[in-house]
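Descriptive analysis of the structure
Residue strings, one per chain:
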Number of protein chains: 2
Amino acid sequence: MSVTAAKGFQAAGIAAGIKENGNPDLALVVNTGPRRAAAGVFTSNRVKAAPVLWSEQVLKSGQVSAVVLNSGGANACTGPKGFQDTHATAEKVAEVLGRGAIEVAVCSTGLIGVLLPMDKLLPGVETAAAQLSEHGGEKAAIAIKTTDTVHKTSVVTKDGWTVGGMAKGAGMLAPGLATMLVVLTTDADLDSETLDKALRAATKVTFDRVDSDGCMSTNDTVLLLASGASGIAPGYDEFAEAVREVCADLGRQLIGDAEGASKDIKVEVINAATEEDAVEVGRSIARNNLLKCAIHGEDPNWGRVLSAIGTTRAAFEPDQLNVAINGVWVCKNGSVGEDRELVDMRYREVHIVADLAAGAETATIWTNDLTADYVHENSAYSS
Amino acid sequence: MSVTAAKGFQAAGIAAGIKENGNPDLALVVNTGPRRAAAGVFTSNRVKAAPVLWSEQVLKSGQVSAVVLNSGGANACTGPKGFQDTHATAEKVAEVLGRGAIEVAVCSTGLIGVLLPMDKLLPGVETAAAQLSEHGGEKAAIAIKTTDTVHKTSVVTKDGWTVGGMAKGAGMLAPGLATMLVVLTTDADLDSETLDKALRAATKVTFDRVDSDGCMSTNDTVLLLASGASGIAPGYDEFAEAVREVCADLGRQLIGDAEGASKDIKVEVINAATEEDAVEVGRSIARNNLLKCAIHGEDPNWGRVLSAIGTTRAAFEPDQLNVAINGVWVCKNGSVGEDRELVDMRYREVHIVADLAAGAETATIWTNDLTADYVHENSAYSS
């Protein structure tokens, strides 16, 4: 049900011809109101694509009428012409919908360093606008795929109001954020400040803790749009929890579809002195190529976990570290623990627990294994 | 000629039975004087193997009579028993050579989390001692190999004095230092303070700038021993340069033998505001898995270089960045530059230049590509 699960939204997904293979590549999401409140979170990469620079400006007003998204080209590192193209895209959407361009967010994903084929994209906006529908969420989710093998959507419905959304992303997943485009919609009747607070709280513990390959993208964008069409204004905590649920579900789907992965790895750091320590240790483990190879080989290699923990500044004593893999404490007090032969590694999901024995804080980072398929996909696909 | 190129050293390399396949696995290097000055640099990983903890204590005196090295087991994460084993190894060497154990450095490499077979290692020390020779350097270099496909040695001879050495390391290469064991020897007549200064200056710009897979080891050790046997005390600058040359040569050999690699990549950062900026940017590029895959696929993917630069705190403006790959400036002013089709990627060595246009400092980091062979080797080999 995607971005049209909540009332007050229409969407479309079409093939504009941006992708040479003819697959869907242009999505349009429109907020039909009565509210048009919005919030956004963007990549922390300092090399930002033109659509990110544009959409950051759009979101400053807290008002978004429409989001236009294209796959087949990231419009990143494309200079002044790239920014002009993003601006022209927003103007085209504004013209077709009878809105101001400054209310139109733009997202792009695909190859870096290549200009978009505007002669195909701009007519595509007209085609998409003509197909806008309250049932168009699924098609929109399909149109933003790049190397994704499946489209990703999620919906949480509460008492009279709904949060739903779509996501794309498969490689270049790393915090701040992953190579992802995410559009969330809700018919809750809330202002942009409330949306912003809930969205930042949610992404901090979901998308920011998805780390597929340690590579941060130039185009990451997560938007939350509210139509107010339900006429209901839920309490902040309930709303924030619903947004977090949808973000967590979409983040889990991103990891589950990571390029070439054969294992989804949940890295849970416990008993850390601070949450920052827990996150730092979790990321270090999640980014350790040697460990990710070992997990691929179904080898419960706790030595590589300790080696990764040892590179951090977190509070811990080496001889007090404990590590469990799939429930077996293979490392106790920094040394050999239970028999590693007891670890069952046959399933896709792998659970690593790193106990720092230094406090009471915790954090969970999701990653995946490193495989020959990842290498193949990323040595053959230029992005 | 390895560690016996300089006068005043004997070495041996034997098969003690630590490795199950019967390959050489124990090396002994002895300084026969008249001096026994020494300096050492160790891993900055906070999870340190027992031999590192021991050797750090040994080096505090600035005196080393002998170094015993084993492959086939890292003796890391092995608790109090592991430390006792290292101590017993040093005691055995001391007993056989008629020296104090506190003058015996110990190095181990291989699997983490496994105790060493002391019933094989201790008799092996006696066997090695019986085979000590002024021509034993080559055999010692062979005995410290793990997944190395070749042994690595280097020698620089100056006017009457020599610096030589051996290295092992193929995976888990990352700064601070790489998974490496390195023993350098010289017959120059210098004190331990001078050795220490020269060694730190050399490793900072050589081994610390070798980053194969971003994974920092628990066992890295680089030792420099001086016998004074030449009777010559060279000036500091000349000596430091000789040590740097040997370290650079060995570091280059480590990258050339990195696990599964098909490309050696020289990442040169120029026009940085500070040397620290240049190193940070170089490391970020060298650790970008997506870029390493692209280079494996002979794809001059400058977008991934920019994306990696964008994650750093270095001083730069995104629209002033320039990138050359093998001499072709494929990115100019943060956008499309010369035709990427002009880049010739057929050769093993690849040269990436990142121009930050922010100052006059520079740094070079060596790395390699990410390949299916790396994944295979590290998902099948438990270390």
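Residues numbered from 1 in each chain as written. Chains lettered and ligands numbered in written order. Predicted model: local features only at pLDDT ≥ 70, side-chain atom pairs only at ≥ 80, totals over all residues. Heavy atoms only, no water.

Labelled according to an unreviewed UniProt entry, chain A appears under the name Arginine biosynthesis bifunctional protein ArgJ, originating from Streptomyces cynarae. Listed in UniProt under the heading Subunit (unreviewed entry), the comment for chain A reads: "Heterotetramer of two alpha and two beta chains." The Function (unreviewed entry) field of the UniProt record for chain A holds the comment "Catalyzes two activities which are involved in the cyclic version of arginine biosynthesis: the synthesis of N-acetylglutamate from glutamate and acetyl-CoA as the acetyl donor, and of ornithine by transacetylation between N(2)-acetylornithine and glutamate." (UniProt positions renumbered as here; feature names shortened; annotations may be inferred.)

**Focus: the interface of chain B and chain A**
Facing the 51 residues of chain B at the interface are 51 residues of chain A. Surface buried jointly by chain B and chain A totals about 3,800 Å² across both partners, of which 57% is contributed by carbon and sulfur atoms. One can count zero salt bridges joining chain B with chain A. Inspection of the chain B/chain A interface yields 14 residue pairs in polar contact (both at pLDDT 80 or more). Class assignment for the residues of the side of chain B that touches chain A results in 21 nonpolar, 24 polar and six charged. (Contact = heavy atoms within 4.5 Å. Buried area = accessible area lost by both parts, 1.4 Å probe. Salt bridge = Lys/Arg side-chain N within 4 Å of Asp/Glu carboxyl O. Polar contact = N/O pair within 3.5 Å; in protein donor to acceptor, adjacent residues only side chain to side chain. Nonpolar A, V, L, I, M, F, W, Y, C, P; charged D, E, K, R; others polar.)

**Description of the relation of the copies chain B and chain A**
At an RMSD of 0.0 Å, chain B and chain A line up after a rotation of 180° and a shift of 0.0 Å along the axis. With respect to symmetry, the two chain copies, as superposed, fit the operation of a two-fold axis. No C-alpha of chain B approaches the rotation axis more nearly than that of A372 of chain B, which lies at 2.2 Å. Taken together, the interface assignments show that 100% of the residues at the interface of chain B recur at the interface of chain A, consistent with an identical surface on both copies. (Least-squares fit on C-alpha atoms with pLDDT ≥ 70 in both.)

**Some words on the pattern of salt bridges**
Note that side chains of opposite charge can pair when their charged atoms are close. Throughout the structure, instances matching the rule amount to 38 salt bridges over all chains. With a closest N to O distance of 2.6 Å, D257 of chain A and K152 of chain A form a salt bridge. Here D257 of chain A is found in the loop between helix 6 (236–256) and strand 10 (264–272), whereas its partner K152 of chain A is found in strand 6 (residues 152–157), with 105 residues between them in sequence. Each of the two residues, D257 of chain A as well as K152 of chain A, counts as buried. Of the charged contacts, one joins D189 of chain B and R35 of chain B as a salt bridge, the two residues approaching to 2.5 Å between their closest N and O atoms. On the criterion of sequence distance, the pair formed by D189 of chain B in the loop between strand 8 (181–186) and helix 5 (192–205) and R35 of chain B in the loop between strand 2 (26–31) and strand 3 (37–42) is long-range, its members being 154 residues apart. Judged by relative accessible area, D189 of chain B falls into the partly exposed class, the value being 27%. The network of salt bridges with common partners includes R252, D264, R348 and E349 of chain A. (Helix = DSSP H or I, 4+ residues; strand = E, 2+ residues; numbered from the N terminus. Buried < 20%, exposed > 50% of the residue type's maximum accessible area, 1.4 Å probe, protein only.)

**Focus on the packing of helix 1 (residues 50–59) of chain A against helix 2 (residues 79–97) of chain A**
Residues and elements named next belong to chain A. Running from amino to carboxyl end, helix 1 crosses helix 2 at an angle of 50°, the nearest separation of the two axes being 8 Å. It follows that helix 1 is oblique to helix 2 by the angle criterion. Viewed along their axes, helix 1 and helix 2 form a crossing whose handedness is right-handed. Each of A50, P51, L53 and W54 in helix 1 lies in contact with helix 2, whose residues at this interface are G82, F83, T86, H87 and A90. Its residues assigned to classes, the contact of helix 1 with helix 2 comprises six nonpolar, three polar and no charged. (Axes fitted to C-alpha atoms, helices over the stretch in contact; angles between N-to-C directions. Parallel < 35°, antiparallel > 145°, perpendicular 65-115°, else oblique. Left-handed = near helix turned anticlockwise from the far one by under 90°.)

**Thoughts on the sheet that holds strand 12 (residues 328–332) of chain A**
Strand pairing in a sheet relies on backbone hydrogen bonds, with the paired strands running either antiparallel or parallel. All names here are of chain A. Here six strands make up an open sheet; going across it, the order is 13-12-11-14-10-15 and the pairing mixed. Two strands lie at the open edges of the sheet, namely strand 13 (335–336) and strand 15 (361–368), each paired on one side alone. Inspection of the sheet shows strand 11 (residues 322–325) paired to strand 12 by two bridges, in the antiparallel sense. Paired with I325 across the bridge in strand 12 is V328. Sitting on the sheet, helix 6 is in contact with strand 10, strand 14 (349–355) and strand 15, with an inclination near 40° to strand 15. Those strands touched by helix 9 (residues 302–309) are strand 11, strand 12, strand 13 and strand 14, and its axis lies near 135° from that of strand 11. (Pairing = 2+ DSSP bridges.)

**Points about unusual backbone geometry**
A cis amide bond links G33 of chain A with the next residue in sequence, P34 of chain A, at an omega value of 15°. We note that N75 of chain B has phi near 50°; this positive angle belongs to a residue other than glycine. For N75 of chain B, the location among the structural elements is in the loop between strand 4 (66–70) and helix 2 (79–97). The phi torsion at N333 of chain B lies on the positive side, around 50°, for a residue other than glycine.

**Side note on helix 6 (residues 236–256) of chain B**
Taking 1.5 Å of rise per residue, 21 residues should cover 30 Å, and helix 6 of chain B covers 30 Å from first to last C-alpha, within 8% of that figure. Three or more residues of helix 6 of chain B are buried, namely F239, A240, A242, V243, V246, C247, L250, G251, L254 and I255 of chain B. (Expected span 1.5 Å × (residues − 1).)

**Here's the deal with the nonpolar core**
Ranked by internal contacts, the top residues of the largest apolar core, which has 86 residues, are V67 and L69 of chain B. Look past the residues within four positions of L69 of chain B in its chain and what remains in contact with it is D25, L26, A27, V29, C107, I144, M166, L181 and V183 of chain B. Counting residues in hydrophobic clusters, the runner-up holds 48 residues, among them L59, V64, A66 and V67 of chain A. (Core = buried A, V, L, I, M, F, W, Y, C linked by side-chain atoms within 4.5 Å.)

**Observations regarding the environment of R346 of chain B**
Residues and elements named next belong to chain B. Along the chain, R346 turns up in the loop between strand 13 (335–336) and strand 14 (349–355). Residue R346 is classed as exposed on the basis of its relative accessible area of 59%. Between the C-alpha atom of R346 and that of K263, which follows or precedes it by 83 residues, the distance is 9.5 Å. Not counting the four nearest positions on each side in its chain, R346 is found in contact with K263 and E298.

**Brief notes about the domain arrangement of chain A**
Much of the literature gives interface size as the accessible area that the parts lose upon coming together. Residues and elements named next belong to chain A. Each assigned domain of chain A is listed here: domain 1 (2–256) and domain 2 (264–380). Between domain 1 and domain 2, the residue contacts involve 14 residues of the former and 17 residues of the latter. Summed over both partners, the interface of domain 1 with domain 2 buries about 1,300 Å², with 38% contributed by carbon and sulfur atoms. The three residues of domain 1 that bury the most area against domain 2 are R209, D211 and R252, which together make up 47% of that side's buried surface. In this structure, the connection of domain 1 to domain 2 is made through three salt bridges. (Domains from an automatic or database assignment.)

**Topic: the side chain of S154 of chain A**
Residues and elements named next belong to chain A. Locating S154 in the fold gives a position in strand 6. Note on S154: relative accessible area 5%, which makes it buried. There is a polar contact of 2.6 Å between the side chain of S154 and the side chain of D249. Other than its neighbours up to four places away in sequence, S154 contacts V163, G164, G165, V246, D249, L250 and Q253.

**What to know about helix 7 (residues 275–286) of chain B**
Residue and element names in this part refer to chain B. Under the 1.5 Å per step criterion, the end-to-end length of helix 7 is 16 Å for twelve residues, consistent within 8% with the ideal 16 Å. D277, A278, V279, V281, G282, S284, I285 and A286 are the residues of helix 7 that are buried. Buried residues along helix 7 sit against strand 10 (264–272), helix 8 (289–296), helix 9 (302–309), strand 14 and strand 15 (361–368).

**Here's the deal with the side chain of T153 of chain A**
Residue and element names in this part refer to chain A. Tracing the chain through its elements places T153 in strand 6. A residue is classified by how much of its surface remains accessible, and T153, at 19% relative accessible area, is buried. When residues no more than four places from it in sequence are discounted, the contact partners of T153 are M1, S2, E138, A141, G165, M166, D249, L250 and Q253.

**What about the pairing of strand 3 of chain B?**
Across the six residues that make up strand 3 of chain B, a large majority, six, are buried. Burial along strand 3 of chain B is two-sided: A37, A39 and V41 of chain B and A38, G40 and F42 of chain B, pointing in opposite directions, are all buried.

**Here we look at the environment of S2 of chain A**
Residue and element names in this part refer to chain A. Following the sequence through the fold, S2 ends up in the segment before strand 1 (9–14). On the accessibility criterion, S2 (0% relative accessible area) is buried. Separated by 373 residues in the primary sequence, S2 and V375 place their C-alpha atoms 31 Å from one another. Apart from residues lying up to four places away in sequence, S2 is in contact with G137, E138, A141, T153, V155, G164, G165 and M166. At 3.0 Å, the side chain of S2 and the backbone oxygen of G137 are in polar contact.

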